[in-house]
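Structure assessment
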Amino acid sequence: MGATEKSRAVGRNVPRKEGLDKVTGAAKYVDDLTFPGMLHGRTIRSTIAAGEIENIHLGFARKGFTIADCRDVPGRNVVALIELDQPCLAERRVRHFAEPILLLAHEDRERLLEAESLVAIDYREETPIYDPEKSDHCFKEIRIEKGDLARGFAEADVVVEGEYRVGLQEQLYIEPNGVIAVPENGGITVYGSLQCPYYVHRALRVLLGLSDDKVRVVQTETGGGFGGKEEYPSMIAGHAAILAWKSRRPVKLVYDRVEDMVATTKRHPGVIRHSTGVTRDGTLTAIKIDVLLDGGAYMTLSPVVLSRGVIHATGPYRCDHVRIQGRVVATNTPPNGAFRGFGAPQTQFAAEVHMERIAETLGIDSVRLREKNAFRPGDTTSTGQKLGRDTSALRVLREAVSRSDFRAKRRAYRGTNRGIGLALFFHGSGFTGGGEVKLASKASLELTETGARILVASTEIGQGTRTMHAQIVADTLGIPYDAVEVAAADTARVPDSGPTVASRTCMVVGKILERCAQEMRRELGGRSAQDYLAERGSLVVTKEYSGPDGLYWDDETYRGDAYGAFGWGCDVIEVERDPETWQIRPTRVTAVCEIGKAIHPVLARGQIEGGTAQAVGYALLEEVAMRDGRMANAQLTNYLVPTTLDTPEIDVTILENPYEHGPFGAKGVGEMPIDGPAPAIVNAIRSLGVDVRSIPATPERILEAPSLSASR
Amino acid sequence: MQAPPMKRLLDVLREECGLTGTKEGCGEGECGACTVLLDGMPVNSCLIPFAQAQGSVVTTIEGLEGRHPLQDAFVVEGGAQCGICTPGMILAAAAIPRGATLDEIRLGLAGNICRCTGYTSIYRAIEKARSRRHR
């Protein structure tokens, strides 16, 4: 095995591993699979937001149906995640609309739907709480303290205050949540559309009371996730498993679009308040931020979303005196959860609109204000993390400003219906704080006759996991990309590499694979795979996560190194206003991202373009209308996501400032692109003279907003 | 092909014909994941009762047999990420006349939602497929 320059895969646009299957229709998603004797399942859900279940009337003949409620759970009736607070099936209490109560299965889908319509449930209703400000149950409170806030405010010439609001957002993967549970070998196997096989594995062990080896989870080709298939699959897999356990037959549970939108997790809405001390020349002296997120009825991943949110809440700016207080609280709405960006889009929206308002207040150029305060290498973040040489805030800012011709356009658009706005942002790669150490992820590499096979639980959900991992392994082993295979994410075959979330799959799991490949290469010692296997029989190398030396984190005080590395981004977005309807149309995005190293430039660019488009929806179109605790617009007809006609031209520039502990210098890329567009768009609307501070910035909201001259 | 007249064309294709390349994303004709060509015209197969397809030629992604230039171009340019919208997107793109401008391509794909790509790589794929075809 010898590497030649020509065979190098990293940095080249090699063919996507499963590309051909996806363009020919051969790729099998969960709804494309059937099993002999398979039943279809449905979930009966609460029609109230808070109260107690009194009676359940089936209203149909039971013959041919499998019917299950909380009493049919063989183990513990919980969806095991951070806290065991969420029942898999409601017992007596109901805490949100669409809470699962009863499960039905039948071999005929029509009969099943008919039966579902005949079920009636009596409740004793209670008064629900929908306003997070009025919640009496806090899931998690975090306080970050740096320096001396009072001293910082004393040094300020001006204090700028502001309140910013962000709405719910639906992930809207095009393939709805779905699984098939199959009873086999005295246990359960679940095939499903999911991001984190081992999350589901643990949830099923607890729910069914089974040992490790009796539960198997296999990811099927997954039609998008964006966080929406991080924790929710543990719930739907649990439901299918309960039905399969009871009926002793395979059960398919695939949501339709309405059910998926009404019942599954969304991005946390929030209110973020800033109070910033600043000198006349634009130096930030004190930053005080209050973050309130609405977690919905159960904890899910809310504490971790809040954690990433507060750590990113200052934006990429230095300041010696900082206090950030964050809370995520319970309300009687369906639980919110993971969505690309995971708290950071919410808080950085507030930070970047606030930065624009500071510039407006001081009457100084907002690019200069950002340049003055942007993180440099050696600066410390709010948690006291000292930033490394790969800190690129200034570089992405300057590149975006010059590439977009920002200053000239801003002058030229003044007084017209065109606007232009900018946002500077950063995003930590990998689990927050000590998360990676706790996860202790493993990856394995197996020698094959023709090369090597990757064994990881990381899932391909569109971002190119298999391809990018194979590139890293190929170049480290010095073998052709085509000689590297990737095993299915099947808990019976692959070790627990942790969840496929948090922009960690390349930087963290990719690094473990690189170390596996290094050891395999040493072990081969120049022998061919065939010779080695003939001599020794087999070779599997397994490695566990090992962080860079000197990383420190204290979860009690929230001090230390919050992330191994940060990516850096700057967006400039141009918009046009329809003078009659106040519809805002984004026309052009200039996105500059520094990601360490683009292992596969086409895939990396795809992450930036796709994340940008989702954020355009977040900023302008995607409004979840909650009425009495339920999503009133749970259809694609009235929950609008960007189509070709709503998505602007996106000009992407990728910069590379290598992170020394990432594979080939790579940092994370998946989430960061969704942090910048919303504030850039709102700042573009502000350049039209409208004081908008909340999203989605629908025409109604813009019309209601005061004009800038009036509110200053 | 025999099936109940009011059964959705989508279900007939997937269940009776075993052609699972056609996907269901919303079931209400908004997302376009179930796009097939009916006598060469893109339609949402979730909105078409089987009876309406009588006597028509239905082309699904399987019907392109992996040989359409768009298919390779979607792989090379990153036009397919998660892949769930891809069969419908490729069929909708195949129905756009040659020589269409970018705005006309946008209009031609306006009924097909992709949540992964931001569409830009899809335009690049279409452009690439055309330049090959003309060679």
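1. A short note on the sheet that holds strand β2 (residues 51-57) of chain A
Residue and element names in this part refer to chain A.
- Spatially, the 3 strands line up as an open sheet ordered β4-β2-β6, and their pairing is antiparallel. Edge strands, defined here as strands with exactly one partner in the open sheet, are β4 (93-94) and β6 (120-125).
- Where β2 and β4 come together, 2 bridges link them in antiparallel fashion. Across the sheet, residue Gly51 finds its bridge partner in β4, namely Val94.

2. Some points on the layout of surface pockets
- Counted as a void, the second largest pocket has a volume near 1100 Å³.
- Lining the second largest pocket we find 38 residues, and of these Asp31 and Arg109 of chain A together with Arg8, Glu15 and Glu24 of chain B sit closest to its centre.
- Mapped by element, the contributors of at least two residues to the lining of the second largest pocket are β1 (39-45), α2 (109-118), β12 (251-254) and α6 (257-263) of chain A together with α1 (9-16) of chain B.
- Considering only residue class, the lining of the second largest pocket consists of 14 nonpolar, 6 polar and 18 charged.

3. Quick word on the sheet that holds strand β3 (residues 58-59) of chain B
All names here are of chain B.
- Here 3 strands make up an open sheet; going across it, the order is β2-β1-β3 and the pairing antiparallel. The open sheet has two edge strands with one neighbour each: β2 (41-44) and β3.
- Where strand β1 (residues 35-38) lies against β2, 4 bridges are found, and the strand directions are antiparallel. The residue of β2 that forms the bridge with Thr35 is Asn44.
- Helix-sheet contacts for helix α3 (residues 86-94) involve β1, β2 and β3, and the interaxial angle to β1 is about 35 degrees.

4. A closer look at the domain arrangement of chain B
Residues and elements named next belong to chain B.
- Domain boundaries in chain B define domain 1 (9-62) and domain 2 (64-130).
- Contact with domain 1, which involves 15 residues of that partner, is made by 13 residues of domain 2.
- Summing both sides of the interface, domain 1 and domain 2 together bury roughly 1100 Å²; the carbon and sulfur share of this comes to 64%.
- Our enumeration of links across domain 1 and domain 2 arrives at 0 salt bridges.
- Where domain 1 packs against domain 2, one counts 7 residue pairs in polar contact (both at pLDDT 80 or more).

5. A closer look at the side chain of Ser694 of chain A
All names here are of chain A.
- Note that Ser694 resides in strand β28 (residues 694-695).
- Taking relative accessible area as the criterion, Ser694 reaches 17% and is therefore assigned buried.
- Ignoring anything within four residues of it in the chain, the contact list for Ser694 reads Arg165, Phe349 and Arg701.

6. Describing α3 of chain B
- The buried fraction of α3 of chain B is high, at 8 of 9 residues.
- Within α3 of chain B the residues assigned to the buried category are Thr86, Pro87, Gly88, Met89, Ile90, Leu91, Ala92 and Ala93 of chain B.

7. Examining the packing of aromatic side chains
Residues and elements named next belong to chain A.
- Summed over the entire model, instances satisfying the criterion amount to 10 aromatic pairs over all chains.
- Here the aromatic rings of Phe566 and Trp568 are separated by 6.0 Å at their centres, their planes lie at 50 degrees, and the arrangement is tilted.
- Phe566 gets classed as buried once you look at its relative accessible area, which sits at 4%.
- A relative accessible area of 1% means that Trp568 is categorised as buried.
- Aromatic rings pair up to connect Phe375, Phe426, Tyr563, Phe566 and Trp568 into one cluster.
- Positioned over the ring face of Tyr481 is Lys17, at 4.0 Å from the centre of the ring.
- Over the ring of Tyr173 we find Lys229, and its NZ or CZ is 4.5 Å from the ring centre.

The rules behind each value
Residues numbered from 1 in each chain as written. Chains lettered and ligands numbered in written order. Predicted model: local features only at pLDDT ≥ 70, side-chain atom pairs only at ≥ 80, totals over all residues. Heavy atoms only, no water. Pairing = 2+ DSSP bridges. Helix = DSSP H or I, 4+ residues; strand = E, 2+ residues; numbered from the N terminus. 1 Å grid on protein atoms, 1.4 Å probe; cavity = no way out; pocket = protein on both sides within 12 Å on 5 of 7 lines; lining within 4 Å. Points joined across faces, edges and corners; volume = space filled by probe spheres on them. Nonpolar A, V, L, I, M, F, W, Y, C, P; charged D, E, K, R; others polar. Contact = heavy atoms within 4.5 Å. Axes fitted to C-alpha atoms, helices over the stretch in contact; angles between N-to-C directions. Domains from an automatic or database assignment. Buried area = accessible area lost by both parts, 1.4 Å probe. Salt bridge = Lys/Arg side-chain N within 4 Å of Asp/Glu carboxyl O. Polar contact = N/O pair within 3.5 Å; in protein donor to acceptor, adjacent residues only side chain to side chain. Buried < 20%, exposed > 50% of the residue type's maximum accessible area, 1.4 Å probe, protein only. Phe/Tyr/Trp six-rings, centres within 6.5 Å; stacked < 30°, edge-to-face > 60°. Lys NZ or Arg CZ within 6 Å of the ring centre and 35° of its normal.

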